[in-house]
Amino acid sequence: MGGLLKANLIQMKRSRAFIVCVIISLCFGIFMALLYSYAWQNNEVTIQTVTTLVTQYGMDTDIVDEAFGMLPKNNLWAYINILLSDGSIIYIAAVVVSSLAAAEYTSGTLKNLIARGYSRLGIFSAKLISLLIASYIIAFAYVAGGSVVGLILYGSTTTIDTDKMLTALMAYICLFAALGAMYFMIATICRRSGASIAVSIVVPLFIASVFSIMAMAWKDITDISQYWIINQIVAAQNYVLEGSAWIPFVCALGYFGLSCMVGYAVFSRQDIR
Amino acid sequence: MEYVLETQELTKIYDGMPVVDSVTLRIGQGDIYGFVGKNGAGKTTFIRTVLGLTKPSGGSFSFFDGMELQQAGKKIGSLIESPALYRNMTARQNLELYCTALGVDKKYVDEILDIIKLKDTGKKKAKDFSLGMKQRLGIGMALIGDPELLILDEPINGLDPMGIVEIRELILEMKNRGKTVFISSHFLGELEKIATRYGIIASGRLVEEISAGELKKICTARTIIRTDDPQKAKRVIEAHLKTDAVEEGKDSVTINMPLEDIGELTNKLFTEGITVKGISNDDNSAEEYFIKRMEGK
Ligand SMILES: Nc1ncnc2c1ncn2[C@@H]1O[C@H](COP(=O)(O)OP(=O)(O)OP(=O)(O)O)[C@@H](O)[C@H]1O
Ligand SMILES: [Mg+2]
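Residues numbered from 1 in each chain as written. Chains lettered and ligands numbered in written order. Predicted model: local features only at pLDDT ≥ 70, side-chain atom pairs only at ≥ 80, totals over all residues. Heavy atoms only, no water.

(A) Representation of the sheet that holds strand 3 (residues 32-36) of chain B. Residue and element names in this part refer to chain B. Sheet architecture is open: 6 strands sit in the order 5-6-7-3-8-9, paired in mixed fashion. Two strands bound the open sheet, and with one partner strand each, they are strand 5 (76-79) and strand 9 (205-211). Taken pair by pair, the neighbouring strands of this sheet meet at an average axis angle of 15 degrees, ignoring direction. In this structure, strand 6 (residues 149-153) lies alongside strand 7 (residues 180-184), joined through 5 bridges in parallel fashion. Counted as the bridge partner of Leu-152 is Ile-183 from strand 7. This element, helix 11 (residues 285-294), spans strand 3, strand 8 (197-202) and strand 9 of the sheet and lies at about 35 degrees to strand 8. (Pairing = 2+ DSSP bridges. Helix = DSSP H or I, 4+ residues; strand = E, 2+ residues; numbered from the N terminus. Axes fitted to C-alpha atoms, helices over the stretch in contact; angles between N-to-C directions. Contact = heavy atoms within 4.5 Å.)

Next up, the structure:
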């Protein structure tokens, strides 16, 4: 398995799609940080507008504070948090995981390994680990780009205690592993990079919007929809700040386990060409 | 070692149709086993089944006197249908990566590049290779780890005449080193030059196994006698030789068996008043023999 993992990592390093995605992530992170910084500078205007609206409708202005006050402004942690939770990174991760995983099917190189007696479990595990590493590198590039800009603009002061910061970061790491496993499962089922990129991007979003539309009709759905992985990624930091950090961790574990099980069940029965 | 590959009633069913149908065969060490059959006969499916790429629907197989693929696999090199390559890597990178995956020393990569004549492709990526270059690299991948058993599915597809000779020499050298080669090919003439045994598969069934020696006997034993009256000649020969292995043609008869005394037979025909216009042995008969068997005849 050591050899397999090493070979997978070399393959990743040589993959043009991967390198391009790392660069895009880095640039995208920087761009988003600048954009957020600009938005925050003009935040006062937004808050003012919303407060006026809320008052017009005769509602309590507390909800405005609730909406805007949740995030600590103008510090590095805020950047990391918002970059991780804004969801842009998951599309890039979808592209990377899908193209790396499906490449093995389209080039036919999987058969070279199976025909040499490697167990499918070993091949699957090595691929999964390498894909998780790939998605972490993507996430890291994204966050690093944004953080460096954030650091330059606002310094590293933070209003959140370190414990919570680390917990939230851990939650993201776990959710990312779950997401990576899910994309890998999709690629295993689709076997073609185009198809699996499309499915990886469309289906999770589709499910999220189905949930949100249904939530308008049935209140209970809201409670269910928050456990959908995409919504968990968006809201992970809130759970931590609210003291219910276990929720994203349990969700991550659940999705990870399920994706690995389904993915492997499919892979172990597949006819390899 | 008693055998290198053995299958027992191996069966693969696709969509209700047996594509490999109860194939029982045994390949001994040092054999060059030619696996022949028409398009769609089930050759590739047989190979894919024993190499774990698809699950058998029935029967069993084992390697090297009872080993499962998981233990034996390291000693089996294979090229199945089209060569599987990392498209965005060079020949060397492909071979090295495969060495890494298999945990094999990379020091043989140079030697393999030499054998497959891809040493000077430099920075060219596999995706820009010609058909034959890809095929050569695929064969190179199969050679990694100095396998005891080489399974090659249509290995000379797309190779130039030089390439074909090189692969032939490579296979013969493997044999000299005590290795075993299982080779499926449509190039019967080429196969005839190297194979020690043949398996003929038709509609998934192994219709015949024959050694090169036996094949040679059958084939050189074929004698064609040109005559005016093939009908009568057939009767006379069958009675004289006490056989029914005589075929009647338009202006000839074909005797599909070894003849001990051709002179005696021609005398007999002469005394029966049959004019013999010519006698010949047919060179192409091995090919014809295969084709007949492949058709299930
Ligand atoms: N995955 C599959 N699903 C359905 N049928 C299949 C599948 N794979 C192979 N077959 C069928 O099995 C039969 C044998 O195919 P196979 O590729 O083994 O033939 P072959 O002897 O290698 O032929 P060729 O000489 O053309 O390479 C064909 O009829 C093919 O359509
Ligand atoms: Mg074939």
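Okay, back to it.
(B) Region of interest: the domain arrangement of chain B. Domain boundaries assigned for chain B yield domain 1 (3-210) and domain 2 (219-289). When each unit is reduced to the centre of its C-alpha atoms, the spacing between domain 1 of chain B and domain 2 of chain B is 41 Å. (Domains from an automatic or database assignment.)

(C) How the structure looks around the site of ligand 1. Close to ligand 1 lie 14 residues, the nearest being B:Gly40, B:Lys43, B:Thr44, B:Thr45 and B:His186. Surrounding ligand 1 are residues belonging to chains A and B, so the site spans chains. Note that an oxygen atom of ligand 1 is positioned 3.2 Å from one of the backbone N or O atoms of B:Ala41. Within the side chain of B:Lys43, a nitrogen or oxygen atom sits 2.8 Å from an oxygen atom of ligand 1. In isolation ligand 1 offers 640 Å² of accessible surface; the protein chains occlude 66% of this area. For the shell around ligand 1, the element with the most residues is helix 1 (residues 43-50) of chain B, which contributes 3 residues. (Near = heavy atom within 4 Å. Polar contact = N/O pair within 3.5 Å; in protein donor to acceptor, adjacent residues only side chain to side chain. Areas by Shrake-Rupley, 256 points an atom, 1.4 Å probe, with all protein chains shown as cover.)

(D) View of unusual backbone geometry. Residues and elements named next belong to chain B. Located in the positive-phi region is Asp-146, a residue other than glycine, with phi close to 45 degrees. For Lys-242, which is not a glycine, the phi torsion comes out positive at approximately 50 degrees. Secondary-structure assignment places Lys-242 in the loop between helix 9 (230-241) and strand 11 (246-248).

(E) Looking closely at the interface of chain B and chain A. Facing the 35 residues of chain B at the interface are 29 residues of chain A. Together chain B and chain A conceal approximately 2700 Å² of surface at their shared face, both sides included; 47% is due to carbon and sulfur atoms. Applying the counting rule to chain B against chain A returns 2 salt bridges. Between A:Asp271 and B:Arg48 there is a salt bridge, with its nearest N and O atoms 3.7 Å apart. Summed over the shared surface of chain B and chain A, the number is 20 residue pairs in polar contact (both at pLDDT 80 or more). Where the side of chain B that touches chain A is concerned, the elements lending two or more residues are strand 1 (5-14), helix 2 (69-72), strand 5, helix 3 (91-102) and helix 5 (131-143) of chain B. (Buried area = accessible area lost by both parts, 1.4 Å probe. Salt bridge = Lys/Arg side-chain N within 4 Å of Asp/Glu carboxyl O.)

(F) Quick peek at the packing of helix 9 (residues 162-190) of chain A against helix 10 (residues 193-217) of chain A. Residue and element names in this part refer to chain A. Close contact between helix 9 and helix 10 brings their axes to 9 Å; oriented N to C, the two are set at 135 degrees. The angle between the axes of helix 9 and helix 10 places the two elements in the oblique class. You can see that helix 9 and helix 10 cross each other, and the crossing is right-handed. Only Ala-195, Ser-196, Val-199, Ser-200 and Pro-204 of helix 10 make contact with helix 9, whose side of the interface consists of Met-182, Tyr-183, Ile-186, Ala-187 and Cys-190. Considering only residue class, the contact of helix 9 with helix 10 consists of 8 nonpolar, 2 polar and no charged. (Parallel < 35°, antiparallel > 145°, perpendicular 65-115°, else oblique. Left-handed = near helix turned anticlockwise from the far one by under 90°. Nonpolar A, V, L, I, M, F, W, Y, C, P; charged D, E, K, R; others polar.)

(G) Structural view of the nonpolar core. Counting residues in hydrophobic clusters, the biggest one holds 143 residues, and the most contacted among them are A:Ile229, B:Phe46, B:Leu51, B:Phe63, B:Ile76, B:Leu137 and B:Phe182. Mapping this core onto the domain boundaries places at least three of its residues in each of domain 1 (3-210) and domain 2 (219-289) of chain B. Once residues lying within four places of it in the same chain are set aside, the contact partners of A:Ile229 are A:Leu175, A:Ala178, A:Leu179, A:Met182 and A:Tyr255. Counting residues in each nonpolar core, the second largest holds 10 residues, with B:Val236, B:Ile237, B:Val246 and B:Ile255 among its members. (Core = buried A, V, L, I, M, F, W, Y, C linked by side-chain atoms within 4.5 Å. Buried < 20%, exposed > 50% of the residue type's maximum accessible area, 1.4 Å probe, protein only.)

(H) Up close: the pattern of salt bridges. Residues and elements named next belong to chain B. Considering all chains together, one arrives at 24 salt bridges over all chains under this definition. Linking Arg-26 and Glu-2 is a salt bridge whose minimum nitrogen-to-oxygen distance equals 3.5 Å. On the criterion of sequence distance, the pair formed by Arg-26 in strand 2 (residues 17-27) and Glu-2 in the segment before strand 1 is long-range, its members being 24 residues apart. Lys-234 is paired through a salt bridge with Glu-238; the nearest N and O atoms lie 3.3 Å apart. Linking Lys-234 with Glu-238, this pair stays in helix 9, spanning 4 residues, or about one helical turn. Within the structure, one salt-bridge network assembled from shared partners comprises Asp-146, Glu-148, Glu-173, Arg-177 and Lys-179.

(I) Region of interest: the sheet that holds strand 1 of chain B. All names here are of chain B. The 3 strands lie next to each other as 2-1-4, forming an open sheet whose pairing is antiparallel. Strand pairing shows two members of the sheet lacking a second neighbour, strand 2 and strand 4 (58-63), which therefore form its edges. Here the average twist between neighbouring strands, direction ignored, is 20 degrees. With 7 bridges connecting them, strand 1 and strand 2 associate as antiparallel partners. Note on strand 2: the bridge partner recorded for Glu-6 is Arg-26. Here helix 1 sits on the sheet in contact with strand 1, strand 2 and strand 4, set at roughly 115 degrees to strand 1.

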